[in-house]
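A closer look at the structure
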Amino acid sequence: MSTTDAYVAAVRSLIQHLPTIEREEILEDLTAQLNEEAAEPGIALEQRLGTPSAFAAEFVESLGEVARREMSAPATAPPVGLRRWWSDVAPAWWMLRPFVIVGTIVLLVAHHRADKLTRVALLALGAAVAAAAVSWSRREGSAGGRWNLALSAVGVVSAVALGLALVSGSATRTMVVRPAPAAAIEMKCAMVAKERVMGPPDSPKFGPGKPFDAPDVPPICRRVLPLETTTTSTAPPPSTTSTTSAPPPTTTP
Amino acid sequence: METTQLLKGVLDLAVLSVLADDDGYGYDVVRRLREAGLEEVGDASVYGTLRRLFSGGALSSYVVPSEEGPHRKYYGLTARGRDLLAEMTKEWRDFADIVQRLTGTNGKEAA
């Protein structure tokens, strides 16, 4: 048996109590080192490395608490239950998060009254932020940290805002909370007017000359359409401009 | 105070610093530390420190196949390792400043 093998065997016998992986790793490294140094002539093995017992003791001490581990398990035990679920879901969330944030920004921008150029610039900025956030998320991954937490918080708030916008958007569609835009009113009321004019003859409701000021005519049309009634009306004549001062689109998509 | 005592305090920092420059395998790290001037550093201590840092998540490792010899296990810093290095560097610098101030006064008295 060569001096290298003898030395390694001596160290092995002194570190039986270590976790298997640590024991095998050090013996492998030690063997590799000794073989490498064997090419360099001169100093005796024990002078370079110390006695096997000194070497073993020094190694165990520098391992610290790793030496006291029962099993040769990895430092971070595989996650179970909720942590496991999160470790599977987390990467998807990190990739989705920037888009949720940017999606909310896009919606806010689309409904903003700023001019088109400003809105395009804001969108470009948002896209740049999203790209940066995606690449950062990929790199840092599970490295926690305040920034990751902050970004997640913004992502959650954005998702909630987005959800609310979607929900309230569909709600306002059924309620007339804000007046419809002029064009829509005109179109809708024009349809009513057409019905009135083109309706089947002999119909009590429809037909030329029948009043628009009837209960089944939508209230908003009564203000827009001419009231062909025998009673005097104070309704304003129909105009192409909206009688309401409504801002552009009511509902969010 | 022997150098070995000082070394024990900074070995983690020294190993992290060496690996920050470039990944390395066990004996490679020992060599680089010695070349940097830490001649007293023990091989066993470096190996143990590497395993401990790896166990704590500061290092990642990968095997590089080799034709002439055994496959070598290389260590590199993880993101956590980089954070740890920055933290320890700051701690060391602050500590060194304090010691500098203490010894500065002593030196003047002696002269």
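This text follows the structure it describes.
So, here's what we can say about the structure. A quick note: this is a predicted structure, and the numbers were derived from the prediction, not measured.

Thresholds, definitions, all that
Residues numbered from 1 in each chain as written. Chains lettered and ligands numbered in written order. Predicted model: local features only at pLDDT ≥ 70, side-chain atom pairs only at ≥ 80, totals over all residues. Heavy atoms only, no water. Helix = DSSP H or I, 4+ residues; strand = E, 2+ residues; numbered from the N terminus. Buried < 20%, exposed > 50% of the residue type's maximum accessible area, 1.4 Å probe, protein only. Contact = heavy atoms within 4.5 Å. Areas by Shrake-Rupley, 256 points an atom, 1.4 Å probe, with all protein chains shown as cover. Axes fitted to C-alpha atoms, helices over the stretch in contact; angles between N-to-C directions. Parallel < 35°, antiparallel > 145°, perpendicular 65-115°, else oblique. Left-handed = near helix turned anticlockwise from the far one by under 90°. Pairing = 2+ DSSP bridges. Buried area = accessible area lost by both parts, 1.4 Å probe. Salt bridge = Lys/Arg side-chain N within 4 Å of Asp/Glu carboxyl O. Polar contact = N/O pair within 3.5 Å; in protein donor to acceptor, adjacent residues only side chain to side chain.

Before going further, it helps to spend a moment on the overall build of chain A. Counting secondary structure elements, chain A contains nine helices and zero strands. Ordered by position in the sequence, the α and β elements of chain A form the string α-α-α-α-α-α-α-α-α. For chain A, buried positions account for 26% of its 253 residues. When contacts within chain A are restricted to residue pairs at least 6 apart in sequence, those whose partners lie at least 24 apart make up 58%. Split by element, the accessible area of chain A, about 16500 Å² in all, is 66% carbon and sulfur.

Right, let's get into the packing of helix H4 (residues 52-63) of chain A against helix H3 (residues 43-55) of chain B. As a packed pair, H4 of chain A and H3 of chain B sit with axes 7 Å apart at the nearest point and diverge in direction by 30°. As judged from the angle between their axes, H4 of chain A and H3 of chain B are roughly parallel. As H4 of chain A runs across H3 of chain B, the sense of the crossing is right-handed. On H3 of chain B, the residues touching Phe-55, Glu-58, Phe-59, Ser-62 and Leu-63 of chain A of H4 of chain A are Asp-43, Ala-44, Ser-45, Tyr-47, Gly-48, Thr-49, Arg-51 and Arg-52 of chain B.

Residues and elements named next belong to chain B. If you walk across this open sheet you meet the three strands as S1-S3-S2, and the pairing is antiparallel. Lying at the two open borders of the sheet, with one neighbouring strand each, are strand S1 (24-25) and strand S2 (59-64). One ladder, built from two bridges, connects S1 with strand S3 (residues 72-77); its direction is antiparallel. Across the sheet, Gly-24 pairs through a bridge with Tyr-75, a residue of S3. Against the sheet, H3 contacts S2 and S3, and its axis sits at roughly 115° relative to S2.

Let's shift gears to the interface of chain B and chain A. Accessible area lost upon the coming together of the parts serves often as the stated size of an interface. Facing 20 residues of chain B, the contacting portion of chain A comprises 24 residues. Each partner contributes to the roughly 1800 Å² buried at the junction of chain B and chain A, and carbon and sulfur atoms together form 48% of this total. The partner of Arg-51 of chain B in a salt bridge is Glu-22 of chain A, with the nearest N and O atoms 2.7 Å apart. Our count for the contact surface shared by chain B and chain A stands at eight residue pairs in polar contact (both at pLDDT 80 or more).

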